[in-house]
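# Report on the structure
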Amino acid sequence: MVLALGIFMRVSSVHAAEIIKLPVANDAVNLAVVGERFEKQDPNLEVKVLQASASQPEILTVEALSKRAPYRWLTFSLVNGTDSVIKPLIVVPRRGLPGTGLVWPEIGGKTILSITASSGAKPEPVFGRPGIYRLSVEPKTTVTYVMEISGNWPTRLGLWNERVYEFHVENRSLFRGLLLGIAGLISLYLTVLFFVNRQALFPSGALLAIASTALLISEFGYFPQVLVDAPEMATKVRAAIEAAMALGVFSFLHTFLLLRHRLPFLGYLNAMLLVSLAGLVAYAFYQPFFAAGLARITLGIGVASGALIIFYLTFRGNPRAQAALPAWIVLIGWTLLAGGAIEGKISHPLLSPSIAAGLILVLLLIAFAVTQFAFGIRMTGESVGGDTGRKALALAGAGYSVWDYNLEEKTFFVGPGIEKILGLRPGHIKSGGSHTWLDLMHKDDRDNYTTSVDETIKNGSGRINLNFRMRGIDNNYRWLQLRACAMPGETNRASRCIGILADISQAKLAEERLLRDAVHDYLTGLPNQALFSDRLERVVHRYADDKAKVIGLILVDIDRFKNIHDSLGHAAGDSFLLISARRIAEQMEIEDTVARISENRFAALIVSQSDIDAVQVIAEKIQKSVSDPVPFKPEAVYLTASIGVAIFKSGDDDAAELMKKAEIAMYSTKRRGGERISMFDPRMARRTTNRIALESDLRRAVEHNEFRLMYQPIISLETGKIAGFEALVRWEHKDRGMLDPSEFMDIAEETGLIVDIGRMVLNDAGMQLGSWQRLFVLPEPLFMSVNVSTRQILHPDLVDDLRSIIERADITPGTLKIEVTETQVMENPEMASRVLNRI
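Conventions and cut-offs
Residues numbered from 1 in each chain as written. Predicted model: local features only at pLDDT ≥ 70, side-chain atom pairs only at ≥ 80, totals over all residues. Heavy atoms only, no water. Helix = DSSP H or I, 4+ residues; strand = E, 2+ residues; numbered from the N terminus. Buried < 20%, exposed > 50% of the residue type's maximum accessible area, 1.4 Å probe, protein only. Areas by Shrake-Rupley, 256 points an atom, 1.4 Å probe, with all protein chains shown as cover. Expected span 1.5 Å × (residues − 1). Arc of directions from axis to C-beta. Contact = heavy atoms within 4.5 Å. Pairing = 2+ DSSP bridges. Core = buried A, V, L, I, M, F, W, Y, C linked by side-chain atoms within 4.5 Å. Axes fitted to C-alpha atoms, helices over the stretch in contact; angles between N-to-C directions. Phe/Tyr/Trp six-rings, centres within 6.5 Å; stacked < 30°, edge-to-face > 60°. Lys NZ or Arg CZ within 6 Å of the ring centre and 35° of its normal. Parallel < 35°, antiparallel > 145°, perpendicular 65-115°, else oblique. Nonpolar A, V, L, I, M, F, W, Y, C, P; charged D, E, K, R; others polar. Patch = residues over 30% accessible without salt bridge, like charges linked within 9 Å, V, L, I, M, F, W, Y side chains within 5 Å. Salt bridge = Lys/Arg side-chain N within 4 Å of Asp/Glu carboxyl O. pLDDT = per-residue confidence, 0-100. Disulfide = S-S within 2.5 Å.

Moving on to the overall build of the protein. Helix and strand counts for the protein stand at 27 helices and 27 strands. Residues classed as buried in the protein amount to 45% of the 839 residues present. Of the accessible surface of the protein, which amounts to about 43800 Å², a share of 56% is contributed by carbon and sulfur atoms.

Now the structure itself:
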């Protein structure tokens, strides 16, 4: 019985190889894992074999058959402890994808160049089954084997019991046959589709399916015997198959996604690549290893670039890209799995079956995507007919042109009227077909056009209603409108799309003009409030963190413009606004913005200056230009402006805050009499805050009736006696004491509180007048004068309030006098006239 076995190399001592006991169990022993590996530059290997019955170890000398270093050997030992001869099998997997490498892959060729036994029968290859060797181990014997390895180290070398291996082969053959059957059916199905519906996407899909089927045949080792007997030719065929796989991927992308229509540059680039890959298939028979490596790299590039294109078109709503997306996601996963196997990064017994099954899943998804565009819902009906002559005359009279896309005859026709509109020579579009038509179309409109037409063709029904731009001979674009419908063919797809084209450039021009008017002032043509606010927000957002950038906002309010408008008329007022707008715009640089934001107010956004003083200079120029006299018969008119300036400060200002500061500065100017410039100062904001506080107090005063009336006597110059009184209102403020009307009337007018205050004044003054008239009976009864604001005059309840006060106070008719100014009446003469007549 063998006690021990030692294996030693000439160069250095090694550990003893693991001894494998025979017979082998039901599972194979992976010799690539349990065997001892040696790699040398010397082509000779000496192994010392120590037997239990020998006093000295035997020397086993092995000479390499390989012609170049490094030389690789794998050693292992088998021990047969039984009383019979055991003949296990060594099964060497074919050189498929796993472990072959990406560049200059080791496809084809032998994995084991020789097997040398230390004793007993010489290992013999099994006839007709390449890669399988039968060993013979005598009873009660230990045999050491030395295998010379060609190329990279194999990931798996199986030591099998022959009976178990045959059972394993039967099970594996059933699985492989099923996968090959599915792949073959997909290839046949896509090929038949081409004959049924002659479109380029079907042969490209069939090419990918056929190449994938051939790859599986090669992986499974089912090559015809003629290739098995000629390993060099088998290697060339394998390289050609991998090149055809890359060709199939790029061809499917090109035809299925219609790259020449949707992405013309990529389409032409891909077309040139297809020609190169077709040449690579032929080149594989000359340099198979180089061709196979290049094909693998190109396939990876194709899958990655195809993913980018499909994701982009899917985002744009392209239906073909959406249909291809699931197949491409699986293809990406398959490529990563196969790449990891090729580089030896992934190793598992089920790796090869997983790669094969994944490829079948890719083919199924591609076949499903292609089928969606092979058949659609067919529209039944008969061709267009009836009154053809009248319809043609009606089209010509209306200025329409025919658009006809005939898929069965592969023709594209556009009426000559469109060529005339675009300034093209007659027949230019007809000679170039749909490709010329798409080249003339604006690039931003092509995708929408091709998607709509393709969707209609696929469904076999429906209508097309599109607007798009076409480039004329002068490089200017004209807007065209297409209205068309699909005609049914013999399949479920449309065989023809036909419709009319109309030139809608004038309508589009009017539409653009309306859109422009929506954001521009109708009178001056300057940006309006909405557009200016948007630009202000964008500029502030852009320079929010740029502390060195100076942004100035100038508000220009034309002083007393309402008086000019009322006295000289609307036409003159509009002329003055136009002149003011032009003068202000002349002070701006090209990157600055000036806008009209209300009737007599302009805003200027200054971004062209580098310091605050320069913004101040522009404001002074604006003031001087506005104040220049405007010729007007009989005399010139002088305009003045109240100007407020605010400077953007990075970190704490936003657009709304900047506008608020400029308004505060402008209102400060107007309170000081106008016709000057005010730079925003924080103290102005505090004064505004005080004004807001006063407004709040005024609202509270109205609620709690904090107003008091003072009565100023009116003396008759004839008698020297009191003839009546004028009612004067005062505000008894809780903190500031008695306030004159000048301190709160402006706020009351702005907020509308003047109506409530005026109603209170009228009521108290009327009641006091009635009391005095009853107390002092005079030949001429006393009267009371009460000032009424503009808001009161135009308020619908004024007459009812007066009627109620007169009845309750029992006033002598004609003794309550209402005082109004001419300016108040002229703000709304018609309304004021009706109210005064009722009074």
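Moving on, we get to helix α25 (residues 798-809). Between its terminal C-alpha atoms α25 stretches 16 Å, which fits the 16 Å expected from 12 residues at 1.5 Å a residue. Restricting attention to buried positions, one finds in α25 the residues L798, V799, L802, I805 and A809. The buried residues of α25 occupy one face: seen down the axis, they fall within an arc of 130°. Of the surrounding secondary structure, the elements contacted by the buried residues of α25 are α23 (754-775), α24 (790-793), β27 (816-819) and α27 (829-838). Looking one or two residues past α25, D810 carries a phi angle of roughly 55°, positive in sign.

This brings us to the pairing of strand β18 (residues 552-558). The buried fraction of β18 amounts to 7 of the 7 residues, a majority that puts the element mostly inside the structure. In this sheet, strand β20 (residues 601-606) lies alongside β18 in antiparallel orientation, the contact comprising 6 bridges. Note on β20: the bridge partner recorded for G552 is I606. Two strands pair when backbone bridges link them, and β18 and strand β21 (residues 641-647) are joined in this way by 7 bridges, in the antiparallel orientation.

What follows covers the nonpolar core. The biggest cluster of nonpolar side chains holds 63 residues, and the ones touching the most others in it are L190, F256, L257, I310, W328 and W334. Leaving out residues up to four positions away in the same chain, W334 has contacts with M245, L299, I355, G358, L359 and V362.

Now for unusual backbone geometry. Residue L22 is joined to P23 through a cis peptide bond whose omega torsion reads 0°. Here P23 lies in the loop between β1 (19-22) and β2 (29-30). Positioned with a positive phi, N475 is a non-glycine residue whose angle comes to about 70°. Considering the arrangement of structural elements, one finds N475 in the loop between β15 (463-471) and β16 (477-488). Relative accessible area serves as the criterion here: at 54%, N475 is assigned to the exposed category. Positive phi outside glycine occurs at D810, with the angle close to 55°. Relative to the helices and strands, D810 is located in the loop between α25 and β27.

One open sheet holds the 5 strands; their spatial order is β14-β13-β17-β16-β15, and the pairing between them is antiparallel. The two strands at the open ends of the sheet, each matched to only one other strand, are β14 (411-414) and β15. Taken pair by pair, the neighbouring strands of this sheet meet at an average axis angle of 20°, ignoring direction. Across 6 bridges, the pairing between strand β13 (residues 401-406) and strand β17 (residues 494-503) is antiparallel. Counted as the bridge partner of D404 is I498 from β17. Packing against the sheet, helix α14 (residues 443-459) makes contact with β13, β14, β15, β16 and β17, and its axis sits at approximately 155° to β15.

Note that S401 resides in strand β13. Not counting residues up to four positions away in its chain, the partners in contact with S401 are G415, G417, I418, G499, I500 and L501.

A few words on the packing of aromatic side chains. Taken as a whole and assessed by the stated rule, the structure comprises 13 aromatic pairs. Summarising the aromatic geometry, the rings of Y405 and F412 are spaced 6.0 Å apart at their centres and angled 75° between planes, so their arrangement reads as edge-to-face. Taken together, the aromatic side chains of W403, Y405, F412, W437, Y449 and F468 make up a single cluster linked through ring pairs. Above the ring of Y543, the side-chain terminus of K549 is found at 5.1 Å from the ring centroid. If you follow K817 out to its NZ or CZ, it ends over the ring of F783, 5.1 Å from the centre.

On to the packing of helix α16 (residues 529-542) against helix α20 (residues 655-671). Where α16 meets α20, the axes come as close as 9 Å, and the angle between the chain directions of the two elements is 115°. In terms of axis orientation, α16 runs roughly perpendicular to α20. In this structure, α16 contributes F532, L536, E537 and V540 to the contact, and α20 contributes A655, L658 and M659. The class makeup of the residues in the contact of α16 with α20 is 6 nonpolar, no polar and 1 charged.

To continue, consider the environment of M441. Relative to the helices and strands, M441 resides in the loop between α13 (428-440) and α14. The sequence separation of M441 and Y477 amounts to 36 residues, and the corresponding C-alpha distance is 8.7 Å. M441 has contacts with R446, Y449, F468, R469 and M470, leaving out every residue within four places of it along the chain.

In this section: the side chain of T593. Residue position: T593 is located in strand β19 (residues 593-598). T593 gets classed as buried once you look at its relative accessible area, which sits at 9%. For T593, the residues in contact, after removing those within four places along its chain, are P527, F532, R535, A603, A604 and L605.

Within the open sheet, the 5 strands sit side by side as β2-β12-β7-β10-β9. Their pairing is antiparallel. Of all the strands in the sheet, the pair left with one neighbour each is β2 and β9 (124-125). In this sheet, strand β10 (residues 132-134) lies alongside β9 in antiparallel orientation, the contact comprising 2 bridges. Across the sheet, E124 pairs through a bridge with R134, a residue of β10.

With that settled, consider the packing of helix α17 (residues 561-568) against helix α18 (residues 570-586). At a minimum axis separation of 6 Å, α17 and α18 run at an interaxial angle of 140°. By the angle between their axes, α17 is oblique relative to α18. Every residue of α18 that contacts α17 at F561, I564, H565 and L568 is listed here: H570, A572, G573, F576 and L577.

Here the focus is a nonpolar patch on the surface. Residues L102, V103, W104, Y283, Y286, F289, F290, L294, I297 and I301 make up a contiguous nonpolar surface patch of about 960 Å² in total accessible area. Within the secondary structure, Y286 sits in the loop between α7 (264-283) and α8 (288-315).

All right, on to the environment of K649 then. Within the fold, K649 resides in the loop between β21 and α20. Of the residues examined, K649 reaches a relative accessible area of 52% and is grouped as exposed. In this structure the C-alpha to C-alpha distance between K649 and D546, which are 103 residues apart in sequence, comes to 9.2 Å.

Glancing now at the confidence of the model for the protein. Residue-level pLDDT values for the protein average 78, and 85% of them are 70 or greater. Here residues 376-386 is a poorly scored stretch, pLDDT under 50, and it has 26 contacts once near neighbours within four places are set aside; other chains count.

Inspection of the entire model under this criterion finds 14 salt bridges. A salt bridge links R296 to E242, with the nearest nitrogen and oxygen atoms 2.7 Å apart. In this pair, R296 is assigned in helix α8 and E242 in helix α5 (residues 231-256), connecting sequence segments 54 residues apart. Relative accessible area serves as the criterion here: at 8%, R296 is assigned to the buried category. Here the salt bridges share partners, and the residues they tie into one network are D756, R759 and D801.

Let us look at the environment of L180. By the element assignment, L180 lies in helix α2 (residues 162-196). Linking L180 and S212, residues 32 residues apart in sequence, is a C-alpha distance of 9.6 Å.

With that settled, consider the state of the cysteines. Evaluated as defined, the whole model comprises 0 disulfides. Cysteine C497 shares no disulfide, and the gap to the nearest cysteine sulfur, in C485, comes to 7.8 Å. Overall, C497 belongs to the buried group, its relative accessible area being 0%.

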